[in-house]
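Results of the structural survey
Next come the chains, spelled out residue by residue.
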Amino acid sequence: MKKILFVLAGLLLGLSASQAQERYSSGGHNSKPKNNASGFDPQRIVIGGGLSLGFANSTFMAGISPMVGYKLTNNLLAGVSLGYLYYRDGQYKQYYNTTTNRYETSALQSSMVSPGAWVRYNVFNQFFVQVQYEHHFSSTRWTDAARVAGGSGKEKVSIRYDLPSLLVGAGYRLPVSERISMYIGLYYDVLQNQTTKTVTSSNGWYQGTVASPYYGSIQPVIGFGIGF
């Protein structure tokens, strides 16, 4: 992970200062552009991302994944991203509440925040390749029958964990206008077989294995961008 971050930092710090260019004013005198030591050009900023939405029966899912970056060259771009995914199952499970002496239904709610960094290279025409590192912080919670010794009624249960992923893939850019474009891609998490872990619920009653959200499949991506 450190190597990936160091590479990205090197790319971002590699922005060279723009070379001074001579020009003539209307009076015929030599003049130079305003001094900009950093070489930063706002026109080279890129903004993009995607949205996801799904629901079926008692489940609902919504996500957003904004990204911002900078064109280091005409073909090389790098930047950061921040993904958020929310999932809810309103009929997750039934449990027996010893306080009310009846079965009750518990909903499960899960959220995942995924900060990341990415590098994209335009290969030819509108085709590109991309590498994106993400670190996922997940929190899942539901209500269940009290399990602790001497407990009664119900209790809140949660599972928290974090996992990395490294998406490698390729895609195609579809220009909509001079600055706006749509892009589609296919990505694969090359770390997924190395990042599974066993987690235990807050009450110690449930245990299971979790993995990358991209585990076991190629991930399709559809997004929109400005400046890409």
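One structure accompanies this document, and this report is about it.

Quick notes on the rules
Residues numbered from 1 in each chain as written. Predicted model: local features only at pLDDT ≥ 70, side-chain atom pairs only at ≥ 80, totals over all residues. Heavy atoms only, no water. Helix = DSSP H or I, 4+ residues; strand = E, 2+ residues; numbered from the N terminus. Buried < 20%, exposed > 50% of the residue type's maximum accessible area, 1.4 Å probe, protein only. Lys, Arg positive; Asp, Glu negative; His and termini not counted. Salt bridge = Lys/Arg side-chain N within 4 Å of Asp/Glu carboxyl O. Polar contact = N/O pair within 3.5 Å; in protein donor to acceptor, adjacent residues only side chain to side chain. Contact = heavy atoms within 4.5 Å. Pairing = 2+ DSSP bridges. Axes fitted to C-alpha atoms, helices over the stretch in contact; angles between N-to-C directions. Core = buried A, V, L, I, M, F, W, Y, C linked by side-chain atoms within 4.5 Å. Phe/Tyr/Trp six-rings, centres within 6.5 Å; stacked < 30°, edge-to-face > 60°. Lys NZ or Arg CZ within 6 Å of the ring centre and 35° of its normal.

1. With respect to the side chain of Arg120
Assignment of secondary structure puts Arg120 in strand β6 (residues 102-124). Buried charge Arg120 goes without a salt bridge, the closest partner of opposite sign being Glu134 at 11 Å. Of note is the side chain of Arg120, whose polar atom sits 2.7 Å from the side chain of Gln130. Ignoring sequence-local partners within four residues, the contact set of Arg120 consists of Asn75, Leu76, Leu77, Phe128, Val129, Gln130, Tyr183, Tyr187 and Phe228.

2. Structural notes on the pairing of strand β10 (residues 197-200)
The side chains of a regular strand alternate, residue by residue, between the two faces of the sheet. As defined by bridge partners, β10 adjoins strand β11 (residues 207-210) across four bridges and the pair is classed as antiparallel. Paired with Val199 across the strands is Gly208, a residue of β11.

3. Digging into the pattern of salt bridges
A complete count under the given rule lists two salt bridges for this structure. For Glu104, the salt bridge is made with Arg102, and the minimal N-O distance between the two is 3.6 Å.

4. Quick look at the sheet that holds strand β4 (residues 59-71)
The strand order β3-β4-β5-β6-β7-β8-β9-β12 describes a closed barrel built from eight strands, whose pairing is antiparallel. Strand-to-strand twist of the sheet, defined as the mean angle between neighbouring strand axes without regard to direction, takes the value 25°. Examined bridge by bridge, β4 and strand β5 (residues 76-97) share 11 bridges and lie antiparallel to one another. Among the inter-strand pairings, Ala62 is bridged to a residue of β5, identified as Tyr86.

5. A closer look at the nonpolar core
Val46, Met67, Leu77, Trp118, Phe128, Leu167, Tyr183, Tyr187, Tyr214 and Phe228 together form the largest nonpolar core, which totals 10 residues. Residue contacts for Phe228: discarding those within four places in its chain leaves Val46, Ile47, Gly48, Met67, Lys71, Leu77, Trp118, Arg120, Arg173, Arg179 and Ser181. Residues Leu108, Val157, Leu163 and Val210 belong to the second largest nonpolar core, which totals nine residues.

6. A short note on the packing of aromatic side chains
Counted under the stated rule, the structure contains nine aromatic pairs. Summarising the aromatic geometry, the rings of Tyr183 and Phe228 are spaced 5.6 Å apart at their centres and angled 45° between planes, so their arrangement reads as tilted. In this pair, Tyr183 is assigned in strand β9 (residues 180-189) and Phe228 in the segment after β12 (219-226), connecting sequence segments 45 residues apart. Phe228 carries the same exposure label as Tyr183, and that label is buried. Grouping aromatic residues by their ring pairs yields a cluster made of Tyr92, Trp142 and Tyr206. When the ring centre of Phe128 is taken as reference, the NZ or CZ atom of Arg120 above it lies at 3.9 Å. Above the ring of Tyr183, the side-chain terminus of Arg120 is found at 4.7 Å from the ring centroid.

7. Thoughts on the side chain of Glu104
Structurally, Glu104 is set in strand β6. Accessibility expressed as a relative area gives 14% for Glu104, which makes it buried. A distance of 3.2 Å separates a polar atom in the side chain of Glu104 from a polar atom in the side chain of Asn97. Here Thr100 takes part through its side chain, which lies 3.1 Å from a polar atom of the side chain of Glu104. In this structure Glu104 touches Lys93, Gln94, Tyr95, Asn97 and Lys154, once residues within four positions along its chain are discounted.

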